[in-house]
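Listed below, chain by chain, are the residues.
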Amino acid sequence: MPTTSTLRMIATICVLSLTAACGAGGSAGGGYPEQNITIVVPFSAGGPTDTVTRMIAEPMAAKLGAKIVVQNVEGAGGTVGADEVANADPDGYTVLMHHIGMSTAPALYANLGFKPLESFEMIGLVTEVPMTIVASKNFEPKTLQELVTYVKANAAKVTLANAGVGAASHLCGLLFQTATGVKLQEVPYKGTGPALTDLVGGQVDFMCDQTTNTSGQINAGEVKAYAVTTPERVKSLPNLPTTAEAGLPDLKVSVWHGLYAPKGTPQNVVQKLTEALKTALADQKVIDQMAKLGTEPVKAEDATPQAHRAKLEEQLGIWAKVIADAGVKAS
């Protein structure tokens, strides 16, 4: 039989252990959030990913009861901002919004500072945005078929704009060149915003870009639109044919977005962020805003860490082959 003093010692140890465990739980996000949350967008302000982020930031903040600050950390096809978040404190106060570029970075960059599947906790998918093929109003081809014929005959002088190696516009441009069997003069920019500005101004001939960035210019008649790169037409651009309808069925791509937290972020914090994301995607204002830009929120079952990870795994395999076949590497 243990003595009374021994029992008291055991009880004291248990109390201390429970206190420490509770304290650890609190530091791991028990009262989360207790300060502002930053969502890092690894691309320029005003671009498609930035637009999507700002759409969901307000309803997410309302659900979480904390202010959300959107911070643009651009550079190297989104890898600078992603690396910053991968190395941030895993406390849920620094989150990343990234797009399809997360699945292409390992194939493009030899010395990547993070591993997409190992450096992050997935929070959930957000939306899949169709791409459009658009051109300067004064560019000669009037249809997608005419564009294909024209670039094959004038490959050396046609300029194809993009937002830099690894950007969605660059990836879509790669697929266009693969599908048509031509190599064009690519003109990289630091973001789709300046690229589209020069396209409207006639400084470059054509480009691929997300509907979130082109719908306004298409509807205003500021650019010439050839096709949307998804199997079905976009509700906000009903007269714009799909690439399959327009004669280029091998060109199919959409730009999916997802939210990430640094690896090691407590699961209860990830769960709160996921629930806030689901709330935002069900918000009618967000649904309406996305519809105007030719996209829509993912279904609730896809706004989860599990669906997000499955999507990323699938896309890493797809793009590794496409990029290897194209022989493209980021400098």
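To start, this report covers the structure provided alongside it.

A pair of packed helices can be characterised by two numbers: the angle between their axes and the separation between those axes. Direction vectors running N to C along helix α2 (residues 48-64) and helix α10 (residues 284-292) enclose 170 degrees, while the axes themselves pass 10 Å from each other. Taken together, α2 and α10 sit at an angle that is classed as roughly antiparallel. Residues Val52, Met55, Ile56, Glu58 and Pro59 of α2 form the contact with α10, whose own contacting residues are Lys285, Val286, Gln289 and Met290.

Applying the stated rule across the entire model yields six aromatic pairs. Here Tyr32 and Tyr93 contribute two aromatic rings whose centre-to-centre distance is 5.1 Å and whose plane-to-plane angle is 50 degrees, an arrangement assigned as tilted. Remark: Tyr93 occurs in the loop between α3 (79-86) and β3 (94-98) and Tyr32 occurs in the loop between α1 (4-30) and β1 (37-41); sequence separation between them is 61 residues. Aromatic side chains Phe114 and Phe120 sit 5.7 Å apart centroid to centroid with 75 degrees between the ring planes, which places their arrangement in the edge-to-face category. Considered together, Phe114 and Phe120 belong to a single accessibility category, that of buried residues. Aromatic rings pair up to connect Phe139, Tyr150, Phe176 and Phe206 into one cluster.

Before going further, it helps to spend a moment on the pairing of β1. Burial analysis of β1 places five of its five residues in the buried class, the great majority of the element. Along β1, one buried face is formed by Ile37, Ile39 and Val41 and the opposite face, lined by Thr38 and Val40, is buried too. Relative to strand β2 (residues 68-72), β1 runs parallel, the two being bridged by five bridges. Each residue of the ladder has a partner; that of Thr38, found in β2, is Val69. After leaving β1, the chain enters α2 and then returns to the sheet as β2, a path that is right-handed. Looking at chain direction, β1 and β3 are connected through three bridges and run parallel. Within β3, the residue paired with Ile39 across the bridge is Val95.

Interhelical geometry of helix α4 (residues 101-108) versus helix α11 (residues 305-326) gives an angle of 45 degrees and a closest axis separation of 8 Å. In terms of orientation, α4 lies oblique with respect to α11. The two elements α4 and α11 cross, and the hand of that crossing is right-handed. Taken together, the residues of α11 that come into contact with α4 (itself represented by Met102, Ser103, Thr104, Pro106, Ala107 and Leu108) are Leu312, Gln315, Leu316, Trp319, Ala320 and Ile323. Residue composition of the contact of α4 with α11, grouped by class: nine nonpolar, three polar and no charged.

Moving on to the side chain of Ser236. Summarising the element assignment, Ser236 is placed in the loop between β8 (224-228) and β9 (254-262). Of note is the side chain of Ser236, whose polar atom sits 3.3 Å from the backbone nitrogen of Gly294. Dropping the residues within four chain positions of it, Ser236 is found in contact with Ser215, Asn219, Ala291, Lys292, Leu293 and Gly294.

Of note, the bond from Tyr32 into Pro33 is cis; its omega dihedral lies within 30 degrees of zero at 0 degrees. Note that Pro33 resides in the loop between α1 and β1. In this structure, Ala76 is a non-glycine residue whose phi angle is positive, near 55 degrees. Take Ala76: it is sitting in the loop between β2 and α3.

Rules and cut-offs
- Residues numbered from 1 in each chain as written.
- Predicted model: local features only at pLDDT ≥ 70, side-chain atom pairs only at ≥ 80, totals over all residues.
- Heavy atoms only, no water.
- Axes fitted to C-alpha atoms, helices over the stretch in contact; angles between N-to-C directions.
- Helix = DSSP H or I, 4+ residues; strand = E, 2+ residues; numbered from the N terminus.
- Parallel < 35°, antiparallel > 145°, perpendicular 65-115°, else oblique.
- Contact = heavy atoms within 4.5 Å.
- Phe/Tyr/Trp six-rings, centres within 6.5 Å; stacked < 30°, edge-to-face > 60°.
- Buried < 20%, exposed > 50% of the residue type's maximum accessible area, 1.4 Å probe, protein only.
- Pairing = 2+ DSSP bridges.
- Right-handed = clockwise from strand over helix to strand, strands pointing away.
- Left-handed = near helix turned anticlockwise from the far one by under 90°.
- Nonpolar A, V, L, I, M, F, W, Y, C, P; charged D, E, K, R; others polar.
- Polar contact = N/O pair within 3.5 Å; in protein donor to acceptor, adjacent residues only side chain to side chain.

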